[in-house]
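Architecture at a glance
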Amino acid sequence: MVVGSLVGELAGMRGWLGPLWAQLGNQGFEYLDLGRIWQVLLTLGMGIWAFILFRGLRRRLRTEHLANMPWLFFLAALALPAFYAVGLLASPDSHFTAADFWRFIVVHLWVEDFLELFTTATVAYLFVLLGVVRERVALSVIFLDVVLYSAGGVIGTMHHLYFSGEPAEHLALGATFSALEVVPLLFLTVEAWSFLQLGARRKSASSTPFPHRWAVMFLAAVGFWNFLGAGVFGFLINLPIVSYYEIGTGLTANHAHAAMMGVYGMLAVGFAMFALRYLIPEERWSDRLASISFWSLNLGLAWMSFATLLPAGALQLYKVVDAGYADGRSLGYLQGGTNMFLEWLRLPGDVVFMVGGVLPLLWLSYLGIRYRSKQTRSPEAPAETLLFTEIVPDSSDDKAEDADAADLVVGVADKVAGRPEATG
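So, here's what we can say about the structure. Small disclaimer: the values here were computed from a predicted structure and weren't measured.

**Some remarks on the layout of surface pockets**
Roughly 1,300 Å³ of volume is contained in the largest pocket. Counting only elements with at least two residues in the lining of the largest pocket, the list comes to helix H1 (2–14), helix H3 (36–62), helix H4 (69–84), helix H5 (96–130), helix H9 (213–238), helix H10 (240–246) and helix H11 (250–279). Per-element tally for the lining of the largest pocket: the top contributor is H11, with 10 residues. Partitioned by chemical class, the residues of the lining of the largest pocket number 31 nonpolar, nine polar and six charged.

**Observations concerning the environment of Pro-311**
Mapped onto the elements, Pro-311 comes out in helix H12 (residues 287–323). By relative accessible area, which is 27% here, Pro-311 ends up partly exposed. Once the C-alpha coordinates of Pro-311 and Gly-250 are considered, the two residues, 61 residues apart in sequence, prove to be 8.6 Å apart. Look past the residues within four positions of Pro-311 in its chain and what remains in contact with it is Ser-305, Phe-306 and Leu-342.

**What to know about empty space enclosed by the protein**
Scanning the model with the defined rule gives two cavities of 30 Å³ or more in all. Every residue lining the second largest cavity is listed: Pro-211, His-212, Arg-213, Trp-214, Ala-215, Met-273, Arg-277, Trp-285 and Asp-287. Of all elements in the fold, only H9 and H11 reach the threshold of two or more residues within the lining of the second largest cavity. Among the elements that make up the lining of the second largest cavity, the one with the highest residue count is H9 (three residues). When grouped by side-chain class, the residues that make up the lining of the second largest cavity number five nonpolar, one polar and three charged.

**Digging into a positive patch on the surface**
Where like charges cluster on the molecular surface, the positive patch consists of Arg-55, Arg-58, Arg-59 and Arg-62. Among the secondary structure elements, Arg-62 is positioned in helix H3.

Calculation criteria
- Residues numbered from 1 in each chain as written.
- Predicted model: local features only at pLDDT ≥ 70, side-chain atom pairs only at ≥ 80, totals over all residues.
- Heavy atoms only, no water.
- 1 Å grid on protein atoms, 1.4 Å probe; cavity = no way out; pocket = protein on both sides within 12 Å on 5 of 7 lines; lining within 4 Å.
- Points joined across faces, edges and corners; volume = space filled by probe spheres on them.
- Helix = DSSP H or I, 4+ residues; strand = E, 2+ residues; numbered from the N terminus.
- Nonpolar A, V, L, I, M, F, W, Y, C, P; charged D, E, K, R; others polar.
- Buried < 20%, exposed > 50% of the residue type's maximum accessible area, 1.4 Å probe, protein only.
- Contact = heavy atoms within 4.5 Å.
- Patch = residues over 30% accessible without salt bridge, like charges linked within 9 Å, V, L, I, M, F, W, Y side chains within 5 Å.
- Areas by Shrake-Rupley, 256 points an atom, 1.4 Å probe, with all protein chains shown as cover.
- Salt bridge = Lys/Arg side-chain N within 4 Å of Asp/Glu carboxyl O.
- Lys, Arg positive; Asp, Glu negative; His and termini not counted.
- Charge placed at Lys NZ, Arg CZ, Asp CG, Glu CD.

Okay, structure coming up:
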């Protein structure tokens, strides 16, 4: 699908596909360029992915309430193919107002809402399994997410519809609610970071430290970049009078790159670190490589944003306001001396990102394939051999139902990590 989409878009723009340009090439929608066939295949692919998740979760789902974390995780995943499919309601033959509405439902409500909700639910689930966040806190954050996205997501979509005849009040409310969407994941990240700091202050003498530290760090980076890339950089361009002039310029790219790699990229790497910690034998695992990859990816991304995209986008916005939108996006301006200098200034950050960030991750992935542990860790194994433990209170015990699940999970994490148990 990816290869076909990229080749099709090139062929469509070159006029090589004739009347099939909209099906195999480029439908003409910015940010939603792929041809109709590739769009359908992507929707079906996400549907297959959701079915794979259901196969793995179905036994657990039978025993869980709909308001519990396994169901929330699965329903958040199921929303991804469902709401991406609404983009199929727009076609090159549609009226512009209707097509622009459905296009931005995908661009905003799918990317910035349902993917955000899935990210929050998944990070919360992993944090609870690893014992770094209290279960009640995680559930509260997910439900806060649902409430904010139900209101802010739909209303927040309005801040995109500048040229569809929407009233000014819609644009103002859309900009406000869109900026509020990053609050829940920020709360979750602060909770996880507090746990990490607490563990560092305890200075345990154990030789078996918390094994998933770098997976948690990458997941914490998701919250940081969600706040900065999606929140701060997004709010800079959400105000209607700003976005009216700058949409599609460098500030949009700054917001998109920081949010895309910072949220979904770091989420993917965090999942990889979580899985690789099981696949790679203990004697071959390297916390040093994981640390180098973490800091290099984050520093490289920060360099790209602050050294190139943010200043270049601000100068381009000034050009648009001063000389007009066409001049600000013209090849003459983009290939000018100042803009080209800022583009080349991005190179050091890219080198750090690729050499220090990507290469160690690829090496760890190779180790996970080459030396994959063949033994499955048993729940009855000694605590120090476990990488995480999930505790489910006995439902027949009324006192266990009333106990604070968070204290149970954190206590198990302390034992796994070799830390002294918390008191009080």
